[in-house]
Amino acid sequence: MSPSWLEPSNGSLAQSSQTAACSVLELRDSGRMTKEEPCGRPALSEYRGYCQGHYKECLVELINRCCADPAVLFTPAEMIAELQRWSVAVPIRRPEEPDLLYAHRLRLVSDIIITELNLEPS
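Residues numbered from 1 in each chain as written. Predicted model: local features only at pLDDT ≥ 70, side-chain atom pairs only at ≥ 80, totals over all residues. Heavy atoms only, no water.

With respect to the side chain of histidine 54
Consideration 1: Looking at where histidine 54 falls in the secondary structure, it is placed in helix 1 (residues 52-65).
Consideration 2: Those residues within four positions of histidine 54 in sequence are excluded, and the remaining contacts are Cys22, Val24, Glu26, Cys39 and Arg41. (Helix = DSSP H or I, 4+ residues; strand = E, 2+ residues; numbered from the N terminus. Contact = heavy atoms within 4.5 Å.)

Written as structure tokens, this is what we have:
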């Protein structure tokens with residue numbers, strides 16, 4: 001999958017040596033008024049014209065839109081850390097349980113959590 005906003009334009013990521021400013025509009029509160037203004041943080045060429053924060057937001061949006069599950073890339077230690085971060089009971093590894101089976105059980109728990117999060121009304 002290669003979304004157009006991630007593809008290099010004109011075949012090159014580094015079009016110039018100058019650092020541009022992120023132009024994503026943000027709401028700014030200036031006391032009495034709230035208005036939209038460009039972000040203005042540095043936008044490196046490898047972030048395709050976005051600042052690092054807005055680039056990450058675009059990546060997360062793409063991951064969510066495609067229903068991609070990054071847990072398939074996690075090691076068992078990373079999955080345990082993620083489950084603990086969400087205050088989810090971590091399955092106890094059974095005696096002599098193979099690594100692959102335990103990792104599979106961890107992924108099943110994370111899949112259930114993700115499904116529940118996606119089903120909750122916004």
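Focus on the pairing of strand 2 (residues 25-29)
Consideration 1: In this structure, strand 2 lies alongside strand 3 (residues 34-38), joined through five bridges in antiparallel fashion. When the bridges of strand 3 are listed, leucine 25 appears paired with proline 38.
Consideration 2: Taking the residues that link successive antiparallel strands as the turn, the strand 2-strand 3 hairpin has four residues, and the phi of glycine 31 there is positive, at about 90 degrees. (Pairing = 2+ DSSP bridges.)

Quick notes on the pattern of salt bridges
Consideration 1: All told, the structure shown has eight salt bridges when counted by the stated rule.
Consideration 2: Glutamate 26 is paired through a salt bridge with arginine 28; the nearest N and O atoms lie 2.8 Å apart.
Consideration 3: Residue glutamate 26 is classed as buried on the basis of its relative accessible area, which comes to 18%.
Consideration 4: For arginine 65, the salt bridge is made with glutamate 61, and the minimal N-O distance between the two is 3.0 Å. One end of the pair is arginine 65 and the other is glutamate 61, both in helix 1 and four residues apart, which spans about a single turn. (Salt bridge = Lys/Arg side-chain N within 4 Å of Asp/Glu carboxyl O. Buried < 20%, exposed > 50% of the residue type's maximum accessible area, 1.4 Å probe, protein only.)

Some details on the confidence of the model for the protein
Consideration 1: This prediction gives the protein a mean pLDDT of 79; 76% of its residues lie at or above 70.
Consideration 2: Ranking the elements of the protein by mean pLDDT puts helix 3 (residues 99-119) last, at 78, and strand 4 (residues 42-43) first, at 90.
Consideration 3: Counted against residues more than four places away or in other chains, residues 9-17, with its pLDDT under 50, gives seven contacts. (pLDDT = per-residue confidence, 0-100.)

As for the environment of glutamate 82
Consideration 1: Its location among the elements puts glutamate 82 in helix 2 (residues 76-85).
Consideration 2: For glutamate 82, a relative accessible area of 27% gives the class partly exposed.
Consideration 3: It is 8.5 Å that separates the C-alpha atoms of glutamate 82 and serine 110, two residues lying 28 residues apart in sequence.

Side note on the packing of aromatic side chains
Consideration 1: Evaluated as defined, the whole model comprises one aromatic pair.
Consideration 2: Plain terms: the ring middles of tyrosine 47 and tyrosine 55 are 5.1 Å apart, the flat faces sit at 40 degrees to each other, and that makes the pair tilted.
Consideration 3: Using a relative accessible area of 15% as the deciding quantity, one classes tyrosine 55 as buried. (Phe/Tyr/Trp six-rings, centres within 6.5 Å; stacked < 30°, edge-to-face > 60°.)

Some remarks on the nonpolar core
Consideration 1: With seven residues, the main nonpolar core is built from Met79, Leu83, Val88, Tyr102, Ala103, Leu106 and Val109.
Consideration 2: Breaking this core down by element, the ones donating at least two residues are helix 2 and helix 3.
Consideration 3: Here this core gets four residues from one element, more than from any other, and that element is helix 3. (Core = buried A, V, L, I, M, F, W, Y, C linked by side-chain atoms within 4.5 Å.)

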